[in-house]
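A structural walkthrough
This is what each chain is made of:
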Amino acid sequence: AQSVTQPDIHITVSEGASLELRCNYSYGATPYLFWYVQSPGQGLQLLLKYFSGDTLVQGIKGFEAEFKRSQSSFNLRKPSVHWSDAAEYFCASRRPGGYQKVTFGIGTKLQVIP
Amino acid sequence: EAGVTQFPSHSVIEKGQTVTLRCDPISGHDNLYWYRRVMGKEIKFLLHFVKESKQDESGMPNNRFLAERTGGTYSTLKVQPAELEDSGVYFCASSQDRGSSYNEQFFGPGTRLTVL
């Protein structure tokens, strides 16, 4: 069975500092991988996705993620955090092919301090 | 283009009552999904519709939950009777059917259900 682990429930960073949110997946083959963000009162918004190919994926809002097969990881990064990045971030996976069910991690709440 | 909408945004009911949640997918999206996040836990898949047919309902917790999608447009999720453990945020998502496995799911803002 698939699972997604986000080891950090809460992270606090200073505005302008770099950010890395960790994500590990468990699946026999390489799944499709996603990062979503949820701001207060909003739905889940897709930041970026990885299906295959280049292991460094660029997303919206200046985010990127790197797929590392050897570590079963898909960590999300941003070089300089803005106060508006405060939100909850979810790593997710899906089996390749037509199977639609998405498996989510528990989420990481990001607090940005001045 | 309007996104996925859900109604109500919040619902507070007493144990034993019935609640119906509604989801309006993005127009033209054949795929509709329900997910639930219980407090402190992961967002969990409940079920998947393709048009009006249930494609996968493996995540439905028990027979107190009934999902429908008459006419293949909006969907309702009824909980009857509601129990305390049903509290959580219920998300709906939709995606196009492009004949590809790369279909992106677009999520609504969720309905926060509190059962007292």
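None of the values given here were measured: they were computed from a predicted structure.

1. Re the overall build of chain A
A count of helices and strands for chain A gives 0 helices and 12 strands. Starting at the N terminus and ending at the C terminus, chain A contains elements arranged as β-β-β-β-β-β-β-β-β-β-β-β. Along the first, second and third principal axes, the C-alpha atoms of chain A reach 45 × 30 × 25 Å. For chain A, the residues scored as buried account for 47% of the 114 residues in total. In chain A, the share of contacts with a sequence separation of at least 24, taken over all contacts with a separation of at least 6, comes to 54%. As displayed, chain A offers around 5,300 Å² of accessible surface, 49% of which is attributable to carbon and sulfur atoms. Each charge sign in chain A was given a centre, from 11 positive and 8 negative side chains, and these centres are 10 Å apart.

2. Section: the side chain of Thr108(A)
The residue Thr108(A) is located in strand β12 (residues 108–113) in this model. The residues contacting Thr108(A), other than those within four sequence positions of it, are Gln6(A), Asp8(A), Ile9(A), Ile11(A), Leu21(A), Ala87(A), Glu88(A) and Tyr89(A).

3. Some details on the pairing of strand β10 (residues 87–94) of chain A
Residues and elements named next belong to chain A. Where burial is concerned, most of β10 is hidden: 8 out of the 8 residues are buried. Covered by surrounding structure in β10 are Ala87, Tyr89, Cys91 and Ser93 together with Glu88, Phe90, Ala92 and Arg94, the residues of both alternating faces. Bridge count for strand β5 (residues 32–38) against β10 is 7 bridges, and the pairing is antiparallel. In the sheet register, leucine 33 faces β10, and the bridge partner there is serine 93. Two strands pair when backbone bridges link them, and β10 and β12 are joined in this way by 3 bridges, in the antiparallel orientation. In the strand pairing of β12, alanine 87 is matched with leucine 110.

4. Comments concerning the interface of chain A and chain B
Each side of the interface is counted separately: chain A has 22 residues, and chain B has 20 residues. Taken over both partners, the interface formed by chain A and chain B buries close to 1,800 Å², and the fraction arising from carbon and sulfur atoms is 55%. In terms of surface lost to chain B, no three residues of chain A exceed Leu44(A), Gln100(A) and Phe104(A), which account for 31% of the buried area on that side. Measuring nitrogen to oxygen at the nearest pair gives 2.9 Å for the salt bridge that ties Arg37(B) to Glu88(A). If you look at where chain A meets chain B, you find 3 residue pairs in polar contact (both at pLDDT 80 or more). Among the secondary structure elements, those contributing two or more residues to the side of chain A that touches chain B are β5, β6 (44–50), β10 and β11 (102–104) of chain A. Residues of the side of chain A that touches chain B, tallied by class, amount to 10 nonpolar, 8 polar and 4 charged.

Rules and cut-offs
- Residues numbered from 1 in each chain as written.
- Chains lettered and ligands numbered in written order.
- Predicted model: local features only at pLDDT ≥ 70, side-chain atom pairs only at ≥ 80, totals over all residues.
- Heavy atoms only, no water.
- Helix = DSSP H or I, 4+ residues; strand = E, 2+ residues; numbered from the N terminus.
- Buried < 20%, exposed > 50% of the residue type's maximum accessible area, 1.4 Å probe, protein only.
- Contact = heavy atoms within 4.5 Å.
- Areas by Shrake-Rupley, 256 points an atom, 1.4 Å probe, with all protein chains shown as cover.
- Lys, Arg positive; Asp, Glu negative; His and termini not counted.
- Charge placed at Lys NZ, Arg CZ, Asp CG, Glu CD.
- Pairing = 2+ DSSP bridges.
- Buried area = accessible area lost by both parts, 1.4 Å probe.
- Salt bridge = Lys/Arg side-chain N within 4 Å of Asp/Glu carboxyl O.
- Polar contact = N/O pair within 3.5 Å; in protein donor to acceptor, adjacent residues only side chain to side chain.
- Nonpolar A, V, L, I, M, F, W, Y, C, P; charged D, E, K, R; others polar.

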